[in-house]
Amino acid sequence: MKIVDDAKLPHRNRVRSSIAKDIWSKFLVLAVERRMVALHATAVKGKFMTCDNVKCQKIDEKNNFQKCAGCQTTLYCSKACQTLAWKEGGHKSMCKMKQQERREGKLQSITKSDSAFFHDLATRDAFHHRPLLQRLAQKEHPNVKHSEFIICIDYTVLPPKYSLSLLADYEKDQPKMSLNGSTNAEARNDSFVERARQHPGKFTLIQSRISNGTGTQLVTSVRTGNFWHCEDDSFPPASDSEEDDMGDSEREEYRNRDTNVDAVDFSRARLIINSIAASLGQTTDL
């Protein structure tokens, strides 16, 4: 990523002394974070793919999978898995919808690369805010299994708003917003929900509300595996013994945190440290 020395930018001091200072600072922090999300997604692209057979869900590099000849996107680790998914896993209907989506692609108001970024962003933000989501689940639905939730992120407000809805109430709670004007997109979302219902714990749905022109749009991301309990964080949570070493206030703050530390946080910290070191005429090994 190109590093820009904002100290050399012509309007830096004027912006920092104006009423726009706080807004600009928040925007800059958000822009850097989103850029780090994109860079991290690029770095791991194709390394952690999943077999679409729900009875398998093997994780491996993309090159070790076979691709469906129809939709050109769905991956399988073997011919047997592909056959099973076609006959029993619902891919027969999903394949047709994906092919239709590809034909509609040129008519969509959101580009393929932007759509991919929103999927990466929503997945990262959901994992990053898993402590908050777990508290919401316990507070609002203490008797509901985690596998019965849809994670909702509203990106039309800042900071984004996180909430949970129930798979069982999907038809009732479905937001009235644009889905590119495509009945095929609506059918795909319905198919995602039905698949998650049929296979508890195998899929987690993340629905993001984003601004699109003068309206809003719903982007649905599907996370395979057990989102709520898998160790997907770059830095694992503290162990019981580590919590025992904390003071009362420190332990309370840790348990009430909204986010986990992840690879994006680490990259941002490294960028800040390198920038400070450069301003002091020093170098680091980060």
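Residues numbered from 1 in each chain as written. Predicted model: local features only at pLDDT ≥ 70, side-chain atom pairs only at ≥ 80, totals over all residues. Heavy atoms only, no water.

Examining the packing of helix α5 (residues 112–128) against helix α6 (residues 130–140)
Part 1 of the reasoning: The contact between α5 and α6 brings their axes to 5 Å, and the two run at 65 degrees. On the basis of the axis angle, α5 is roughly perpendicular to α6. In contact with A126, F127 and H128 of α5, α6 contributes R130, P131 and L133.
Part 2 of the reasoning: Split into classes, the residues belonging to the contact of α5 with α6 amount to 4 nonpolar, 1 polar and 1 charged. (Axes fitted to C-alpha atoms, helices over the stretch in contact; angles between N-to-C directions. Helix = DSSP H or I, 4+ residues; strand = E, 2+ residues; numbered from the N terminus. Parallel < 35°, antiparallel > 145°, perpendicular 65-115°, else oblique. Contact = heavy atoms within 4.5 Å. Nonpolar A, V, L, I, M, F, W, Y, C, P; charged D, E, K, R; others polar.)

Comments concerning the sheet that holds strand β8 (residues 215–224)
Part 1 of the reasoning: Pairing is mixed across the open sheet formed by 4 strands, whose spatial order is β6-β5-β7-β8. Looking at the sheet topology across the chains shown, the edges are occupied by β6 (161–166) and β8. Across the sheet, the mean angle separating the axes of adjacent strands is 25 degrees when strand polarity is ignored.
Part 2 of the reasoning: Pairing of strand β5 (residues 149–154) with β6 involves 6 bridges; the strand directions are antiparallel. Directly across from I153, in β6, lies its bridge partner Y162. (Pairing = 2+ DSSP bridges.)

Remarks on the side chain of R188
Part 1 of the reasoning: On the secondary structure map, R188 appears in helix α8 (residues 183–198).
Part 2 of the reasoning: Non-local contacts of R188, meaning those with residues more than four positions away in its chain, are made with M94, M97, K98 and E101.

Let's talk about a nonpolar patch on the surface
Part 1 of the reasoning: On the surface, a cluster of nonpolar side chains totalling about 310 Å² of accessible area is made up of W24, F27 and L28.
Part 2 of the reasoning: In this structure F27 comes out as partly exposed when scored by relative accessible area, which is 47%. (Patch = residues over 30% accessible without salt bridge, like charges linked within 9 Å, V, L, I, M, F, W, Y side chains within 5 Å. Areas by Shrake-Rupley, 256 points an atom, 1.4 Å probe, with all protein chains shown as cover. Salt bridge = Lys/Arg side-chain N within 4 Å of Asp/Glu carboxyl O. Buried < 20%, exposed > 50% of the residue type's maximum accessible area, 1.4 Å probe, protein only.)

Overview of helix α4 (residues 91–104)
Part 1 of the reasoning: Taking 1.5 Å per residue as the helical rise, α4 with its 14 residues ought to reach 20 Å, and the 19 Å between its terminal C-alpha atoms agrees with that figure.
Part 2 of the reasoning: Tucked into the core, α4 has its buried residues touching β4 (75–76), α3 (79–87) and α8. (Expected span 1.5 Å × (residues − 1).)

Looking at the pattern of salt bridges
Part 1 of the reasoning: Scanning the entire structure with this criterion turns up 6 salt bridges.
Part 2 of the reasoning: In this structure, R124 and E33 form a salt bridge, with 2.7 Å as the shortest nitrogen-oxygen distance. With R124 in helix α5 and E33 in helix α2 (residues 21–44), this residue pair connects regions lying 91 residues apart in the sequence.
Part 3 of the reasoning: The exposure class of R124 is buried, given its relative accessible area of 9%.
Part 4 of the reasoning: E33 sits in the buried class, given a relative accessible area of 16%.
Part 5 of the reasoning: In this structure, K55 engages E88 in a salt bridge whose closest nitrogen and oxygen atoms are separated by 3.4 Å. Residue K55 is found in the loop between β1 (49–50) and β2 (59–60), and its partner E88 is found in the loop between α3 and α4; the two are separated by 33 residues along the sequence. In this pair, the class of K55 matches that of E88, namely exposed.
Part 6 of the reasoning: Put simply, E33, R124 and D125 are held in one network by salt bridges that share partners.

Here's the deal with the confidence of the model for the protein
Part 1 of the reasoning: Confidence in the prediction for the protein averages 80 pLDDT; 80% of positions are at 70 or higher.
Part 2 of the reasoning: The model gives residues 233–243 a pLDDT under 50, and that stretch makes 20 contacts with residues more than four places away or in other chains. (pLDDT = per-residue confidence, 0-100.)

A word on the packing of aromatic side chains
Part 1 of the reasoning: Applying the stated criterion across every chain yields a total of 5 aromatic pairs.
Part 2 of the reasoning: The interplanar angle of 40 degrees and the centroid separation of 5.5 Å between the aromatic rings of W24 and F27 together place this pair among those described as tilted. Separated by 3 residues within a single helix, W24 and F27 lie in helix α2, roughly one turn from each other.
Part 3 of the reasoning: Its relative accessible area of 42% is what places W24 among the partly exposed residues.
Part 4 of the reasoning: Aromatic ring contacts, followed pair by pair, group F127, F149, F227 and W228 into a single cluster.
Part 5 of the reasoning: Positioned over the ring face of F227 is R130, at 5.8 Å from the centre of the ring. (Phe/Tyr/Trp six-rings, centres within 6.5 Å; stacked < 30°, edge-to-face > 60°. Lys NZ or Arg CZ within 6 Å of the ring centre and 35° of its normal.)

Concerning the environment of K202
Part 1 of the reasoning: In this fold, K202 is placed in the loop between α8 and β7 (203–212).
Part 2 of the reasoning: For the pair formed by K202 and S147, sequence separation is 55 residues and the distance between their alpha carbons is 8.1 Å.
Part 3 of the reasoning: Residues contacting K202, with those up to four places away along its chain left out, are V54, Q57, R223, T224 and G225.

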